Amino acid sequence: MIRVNPNYSKIQANYLFAEVARRVKAYQEENPSAQLIRLGIGDVTRALPAACVEALEKASREMGADATFRGYGPDYGYAFLREAIAEGDFRARGCDVSPDEIFVSDGAKCDTGNIQEIFDLSARVAVPDPVYPVYVDSNVMAGRTGPAADGRYAGLVYLEGNEENGYVPEPPQEPADVVYLCYPNNPTGAVATKAQLARWVAWARENGALILFDAAYEAFIRDPEIPHSIYEIPGAREVAVEFRSFSKTAGFTGTRCGYCVVPSDCRAFDADGNAVPLQPLWKRRQSTKFNGVSYPVQRAAEAACSPEGRAQCRELIDGYLANARLVTDFLEARGYRCTGGRNSPYVWFDSGMESWAFFDKLLREAGVVTTPGSGFGRAGAGRCRITAFNSRENVERALERLGSVL
Ligand SMILES: *Cc1c(COP(=O)(O)O)cnc(C)c1O
């Protein structure tokens, strides 16, 4: 008899976006003429940069001629892309990362979900709260937790974010072997300083632990003091894997390309406490289970790394950042203390109400869709997330409507 993986039944149905959709639909049926403005979901809205579109077109034509056709690509990504990434994203910022430490993938969701396969089942996992759900659910599926009670799984170490710590928790007092960190953060928009990341690197080095650093939003950083990469912290290479994506930086959510960095000297340990390099395990995992990103998409990603592409991406992100600033200024003028909004497309704040009640208020009184903070974890209770992913015009209209409600 074929039995299902019992760990899947432990997963708390994440009703968040389904419940948002249900409430929006109900409201629209009651009010068919209402023009809703969506500032809820974390998906980009503006077109691909022109440099990427040109590269996609050119590469597609190459695929259409025998002389330039390409079949399976190299296991970990084409050299042209890995070199462009190493140079533009790391060496240009003084980070020691070489092309053969970069592993191209179809996005950071897959990589952050898959990486746990190369760790022992007994690894003690620390996650932030509020959290990007992939970090938690992938470990639940693997069997690294007990059942959930009151929104938290037995066996996970939760790192609580709040206004006091600015949503940048300190390393835990209790033991943990691996931690997921995400800065600029989804959902809170918080950024971590060099000093804060340095405390995490020191903690990992002292405790034989590993940092999984999700930098999907690094391109939104404008403050020159805020690090873009964990590798800007001395000593991080041995204790950190970094995840990046073209999704939010170049509008690739529907095009699909990301990568992770596993430095050659990054280590975990075997049962006898001997250091084991992680890179060969990740190579083994990827070459067994993944067959690469399409050639045209890798060319488009390369184009996003060109000087022209970088300028176009910057302009795209500047537009979202200007929206985020409008939202933050609006809320702060009304006495709400915001996290994010400055080096991030997300604005997060304490609404002073129960999360879903506040969501309903904005939906019903202003026709504006947001995301209730409680959907990202217990520490999100009473909070609200507004995203900058929309047109300037729609954000201005949304704020006009919210002006009469808040
Ligand atoms: C959007 C996002 C990603 C990127 O996901 P892709 O699979 O690359 O589209 C990764 N991490 C976080 C926290 C995100 O919000």
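Residues numbered from 1 in each chain as written. Predicted model: local features only at pLDDT ≥ 70, side-chain atom pairs only at ≥ 80, totals over all residues. Heavy atoms only, no water.

Ranked by size, the top nonpolar core spans 64 residues in total, and within it Ile-211, Tyr-231, Phe-246, Phe-252 and Cys-257 carry the most contacts. Here the element with the most residues in this core is helix α8 (residues 295–305); it accounts for six residues. Built from parts of two domains, this core gets at least three residues from each of domain 1 (6–47 + 308–403) and domain 2 (53–306). The contact partners of Phe-246, leaving out residues within four places of it in the chain, are Leu-81, Ile-85, Gly-251, Phe-252, Cys-257, Gly-258, Tyr-259, Ala-301, Ala-304 and Cys-305. (Core = buried A, V, L, I, M, F, W, Y, C linked by side-chain atoms within 4.5 Å. Buried < 20%, exposed > 50% of the residue type's maximum accessible area, 1.4 Å probe, protein only. Helix = DSSP H or I, 4+ residues; strand = E, 2+ residues; numbered from the N terminus. Domains from an automatic or database assignment. Contact = heavy atoms within 4.5 Å.)

Moving on, we come to the site of the ligand. Around the ligand lies a shell of 14 residues, among which Asp-214, Tyr-217, Ser-245, Ser-247 and Lys-248 are the nearest. Note that an oxygen atom of the ligand is positioned 2.6 Å from one of the side-chain N or O atoms of Tyr-217. Calculation on the ligand without its partners gives an accessible area of 380 Å², and the protein chains cover 93% of this total. Here the residues of the shell around the ligand sort into six nonpolar, four polar and four charged. (Near = heavy atom within 4 Å. Polar contact = N/O pair within 3.5 Å; in protein donor to acceptor, adjacent residues only side chain to side chain. Areas by Shrake-Rupley, 256 points an atom, 1.4 Å probe, with all protein chains shown as cover. Nonpolar A, V, L, I, M, F, W, Y, C, P; charged D, E, K, R; others polar.)

The next subject is the pairing of strand β14 (residues 346–350). Burial analysis of β14 places four of its five residues in the buried class, the great majority of the element. In this structure, strand β13 (residues 338–340) lies alongside β14, joined through three bridges in antiparallel fashion. Note that in β14 the partner of Gly-340 across the bridge is Val-347. Looking at chain direction, β14 and strand β17 (residues 383–387) are connected through five bridges and run antiparallel. If you follow Trp-348 over to β17, its bridge partner there is Arg-385. (Pairing = 2+ DSSP bridges.)

Strand order in the open sheet formed by seven strands is β2-β10-β9-β8-β7-β3-β6, with mixed pairing between adjacent strands. For this open sheet the edge positions go to β2 (102–105) and β6 (157–160), each flanked by a neighbour on one side alone. Adjacent strand axes in the sheet meet at a mean angle of 20°, parallel and antiparallel pairs treated alike. Sheet topology note: the strand β3 (residues 125–129)/β6 ladder contains four bridges and is parallel. By the bridge assignment for β6, Ala-126 is matched with Val-157. Packed on one face of the sheet, helix α3 (residues 79–90) meets β2, β9 (240–245) and β10 (258–261) and runs near 115° to β2. Strands β3, β7 (178–182) and β8 (210–214) of the sheet are contacted by helix α5 (residues 133–142), whose axis makes an angle of about 155° with β7. (Axes fitted to C-alpha atoms, helices over the stretch in contact; angles between N-to-C directions.)

With that settled, consider the sheet that holds β17. Strand order in the open sheet formed by four strands is β13-β14-β17-β16, and the pairing between neighbours is antiparallel. The strands lining the two open edges of the sheet, one partner per strand, are β13 and β16 (371–372). Looking at chain direction, β16 and β17 are connected through two bridges and run antiparallel. Bridging across to β17, Pro-372 finds its partner in Cys-384.

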